[in-house]
Amino acid sequence: DAGVIQSPRHEVTEMGQEVTLRCKPISGHDYLFWYRQTMMRGLELLIYFNNNVPIDDSGMPEDRFSAKMPNASFSTLKIQPSEPRDSAVYFCASSPQTGSFYGYTFGSGTRLTVV
Amino acid sequence: GEDVEQSLFLSVREGDSSVINCTYTDSSSTYLYWYKQEPGAGLQLLTYIFSNMDMKQDQRLTVLLNKKDKHLSLRIADTQTGDSAIYFCAESSNRDDKIIFGKGTRLHILP
């Protein structure tokens, strides 16, 4: 398996523009998680899905952020409009089950810079 | 909410042992994990320990769990330059689907 695949690896955009981050989880993994990593706040859970259904979006910072999972093999995280404070590394992770030794498998991340 | 705490930095000489410590608050933890993040990469699961164990060894890695004190440690024997990374302590419970991560310990290897 190719692992969790995220695209793009790097994104530079201007303030006010829409940004879409993409994730392909590992086949057979029923759980998908979106995280944001910054030096100041560390790793923050934004939202997670189980069987394509959003379960907990309490970590989404504000209405500018939205996430979808239209099918088991694809998810998007959208920021509209983007702001400089959204600059961070965004990770997608997937897992076949939770509360187990599997833990999560992380993608390589998307480094977002908003100027 | 539940919390995981770890020191932010550790410097160790090449060839010495590294010990990274972590404390957590969740009394219902079932699994505890150590993840490694190399520059420009995602987090990679290094090892895990089930909450009814107190030690697990895997080659150069030794995990110690003191459940009474809610203290977890990761010992890396014969530390090498390739061990330079950020190490995250994390825990999960049967209460929900989430893994709670610490802020990570940056391990720096001195020549």
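One structure accompanies this document, and this report is about it. Since we're looking at a predicted model, the values are computed, not measured.

**A word on the pattern of salt bridges**
Residue and element names in this part refer to chain A.
Then, in step 1: Across all of its chains, the model carries 12 salt bridges over all chains by this definition.
Then, in step 2: In this structure, Arg-64 and Glu-62 form a salt bridge, with 2.9 Å as the shortest nitrogen-oxygen distance.
Then, in step 3: As a salt-bridge pair, Arg-64 and Glu-83 come within 3.5 Å of each other at their nearest N and O atoms. Taken together, the residues span a long stretch of sequence, with Arg-64 in the loop between strand E6 (53–56) and strand E7 (65–71) and Glu-83 in the loop between strand E8 (74–79) and strand E9 (88–95) at a distance of 19 residues.
Then, in step 4: Accessibility expressed as a relative area gives 23% for Glu-83, which makes it partly exposed.
Then, in step 5: When salt bridges with common partners are traced through the structure, they connect Glu-62, Arg-64, Glu-83, Arg-85 and Asp-86 into a single cluster.

**Observations concerning the packing of aromatic side chains**
Residues and elements named next belong to chain A.
Then, in step 1: Within the structure shown, the criterion is met by 18 aromatic pairs over all chains.
Then, in step 2: Centroid distance Phe-33 to Tyr-104: 4.0 Å. Interplanar angle 25°. Geometry classified as stacked. In this pair, Phe-33 sits in strand E4 (residues 31–38) while Tyr-104 sits in the loop between E9 and strand E10 (105–106), placing the two residues 71 residues apart along the sequence.
Then, in step 3: For Phe-33, a relative accessible area of 0% puts it in the buried group.

**A closer look at the interface of chain B and chain A**
Then, in step 1: In this complex, chain B contributes 21 residues to the contact, which on the side of chain A involves 24 residues.
Then, in step 2: Each partner contributes to the roughly 1700 Å² buried at the junction of chain B and chain A, and carbon and sulfur atoms together form 54% of this total.
Then, in step 3: Across the chain B-chain A interface, the total number found is one salt bridge.
Then, in step 4: Elements with a contribution of two residues or more to the side of chain B that touches chain A: strand E4 (29–37), strand E5 (43–50), strand E9 (85–93) and strand E10 (99–101) of chain B.
Then, in step 5: Its residues placed into classes, the side of chain B that touches chain A shows 10 nonpolar, seven polar and four charged.

**Describing the sheet that holds strand E3 (residues 19–24) of chain A**
Residues and elements named next belong to chain A.
Then, in step 1: With antiparallel pairing, the four strands of this open sheet are ordered in space as E1-E3-E8-E7. Sheet topology places strand E1 (5–7) and E7 at the edges, where each strand pairs with a single neighbour. For this sheet the average axis-to-axis angle between neighbouring strands, irrespective of direction, equals 15°.
Then, in step 2: In terms of strand pairing, E1 meets E3 through three bridges, oriented antiparallel. Bridge assignment links Ser-7 to a residue of E3, and that residue is Arg-22.

So, how was this worked out
Residues numbered from 1 in each chain as written. Chains lettered and ligands numbered in written order. Predicted model: local features only at pLDDT ≥ 70, side-chain atom pairs only at ≥ 80, totals over all residues. Heavy atoms only, no water. Salt bridge = Lys/Arg side-chain N within 4 Å of Asp/Glu carboxyl O. Helix = DSSP H or I, 4+ residues; strand = E, 2+ residues; numbered from the N terminus. Buried < 20%, exposed > 50% of the residue type's maximum accessible area, 1.4 Å probe, protein only. Phe/Tyr/Trp six-rings, centres within 6.5 Å; stacked < 30°, edge-to-face > 60°. Contact = heavy atoms within 4.5 Å. Buried area = accessible area lost by both parts, 1.4 Å probe. Nonpolar A, V, L, I, M, F, W, Y, C, P; charged D, E, K, R; others polar. Pairing = 2+ DSSP bridges. Axes fitted to C-alpha atoms, helices over the stretch in contact; angles between N-to-C directions.

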